[in-house]
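Residue strings, one per chain:
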Amino acid sequence: MQTLYRRLLTLLPRLGLKVIDLGPGTAVVSRRGGRTRIPLRPGADLVARDNGQYAVTDAGKDTWVVTRDRSAPADRQARKWTGVRLGDTGARLLLDRRAMADERRVQLAAAEYLCTQHVAAMLDLYRVNCVFDIGANAGQYARRLRRLGYTGRIVSFEPTADAFARLKDAARDDPDWHVHHCGLGREDTVSTIHTGWNTMNSLLPPSDYGRDRYRRFATTRTEQIEIRRLDGVMEKALDGIEEPRPYLKMDTQGYDLEVFAGAGERVADFVGLQSEVAVLRLYEGSPRMSEAIAVYEAGGFEVTGMYPVTREAATGRVVEFDCVMMRAQAAPEPPATG
């Protein structure tokens, strides 16, 4: 005798509903569009809107990759994934074997991911409540912090007109993201910045190495900008924050040490910093990595992470690192255990 449940499943398609029976007591009912049951392995199925647009591949024990793949079926069959355990963390890294052929690209993408995760962890560990975003461009860094869950104040500085317009628009609906149309440096002044280089606009001219590496340096426009000292803007930036614990992020294309110098004695207020340091100099007069790190260490900061930003394809040499440094003595005391 047919159960009430089975009779109901038989009736539902007459009402215009799609029914997929997954087993005793379990079914998927959908109102619009076809649904297809895609077997993965015994005990695991995928229910998808359109099976013809999905590829399912095994990536290790109890792990499958499901992709919306519009490529030709023959090409889809050739796509293979590898599941790599990340030590004993319980995490698994999934690698497309076609992507693995470009080692440099995979490494740089992994470094960017690891850097952002590390920064988020340091902001949390050191209880940072204000991030100074120097060289903000269109707000990419600040938006990333928000996606990673940082909810404290962000104060962004961008001197060029076009980028600042986009930055201002990005921050419009975020009441705790403040933006300022100026650059920061060693002294309050007016200077000229090279523009038209997208995210690589700089107050410094390109080096011979930089010109050889980037075509964008072949032509340039210039723009007059205002420059302020960091210690002169901190009071306003931190206004209203009880017990400020600021973090200094600098990405000024060779000008970071000038920004740092402008903090004066107030550099001691910062619990951490992030700076792009150069192994191979793209800009004339910019400091080498060893010089920059020595200055930051003299200011009381210690390296917690180094992540390659760019690498030469032909030689594998790192051009620049993202360097994360924290003031260890500023780390909050861990809670006592009984």
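Residues numbered from 1 in each chain as written. Predicted model: local features only at pLDDT ≥ 70, side-chain atom pairs only at ≥ 80, totals over all residues. Heavy atoms only, no water.

So, the packing of aromatic side chains
Remark: the centre distance and the inter-plane angle together describe each pair of aromatic rings, the angle taken between the planes.
Right, on to step 1. Per the counting criterion, the structure on display carries 6 aromatic pairs.
Right, on to step 2. Here W197 and F217 contribute two aromatic rings whose centre-to-centre distance is 4.5 Å and whose plane-to-plane angle is 70 degrees, an arrangement assigned as edge-to-face. Of the two residues, W197 is situated in the loop between β13 (189-195) and α7 (208-213) and F217 in the loop between α7 and β14 (221-229); the sequence distance between them amounts to 20 residues.
Right, on to step 3. A network of ring pairs unites the aromatic residues W197, Y214, F217 and Y283 as a single cluster.
Right, on to step 4. Between the NZ or CZ atom of K249 and the centre of the ring of Y141, over which it lies, the distance is 5.0 Å.
Right, on to step 5. Sitting over the face of the ring of F301, R327 holds its NZ or CZ atom 4.3 Å from the ring centroid. (Phe/Tyr/Trp six-rings, centres within 6.5 Å; stacked < 30°, edge-to-face > 60°. Helix = DSSP H or I, 4+ residues; strand = E, 2+ residues; numbered from the N terminus. Lys NZ or Arg CZ within 6 Å of the ring centre and 35° of its normal.)

Observations concerning helix α5 (residues 140-147)
Right, on to step 1. Taken together, the buried positions of α5 are occupied by Y141, A142 and L145. Viewed end-on, α5 has its buried residues packed into an arc of 100 degrees, placing them on one side of the element.
Right, on to step 2. Contact partners of the buried residues in α5: α4 (103-125), β9 (130-134), β10 (153-157), β11 (177-180), β15 (246-250) and β16 (272-278). (Buried < 20%, exposed > 50% of the residue type's maximum accessible area, 1.4 Å probe, protein only. Arc of directions from axis to C-beta. Contact = heavy atoms within 4.5 Å.)

A closer look at the pattern of salt bridges
Right, on to step 1. Applying the stated criterion to the full structure yields 13 salt bridges.
Right, on to step 2. The partner of E235 in a salt bridge is R266, and the shortest N-O contact between them spans 3.0 Å. Here the residue E235 occupies a position in helix α8 (residues 234-237), and R266 occupies one in the loop between α9 (256-261) and β16, the gap between them amounting to 31 residues.
Right, on to step 3. Taking relative accessible area as the criterion, E235 reaches 58% and is therefore assigned exposed.
Right, on to step 4. Residue class for R266 comes out partly exposed when judged on its relative accessible area of 24%. (Salt bridge = Lys/Arg side-chain N within 4 Å of Asp/Glu carboxyl O.)

Thoughts on the pairing of β9
Right, on to step 1. In terms of burial, β9 is largely enclosed, as 5 of its 5 residues are buried.
Right, on to step 2. Along β9, one buried face is formed by C130, F132 and I134 and the opposite face, lined by V131 and D133, is buried too.

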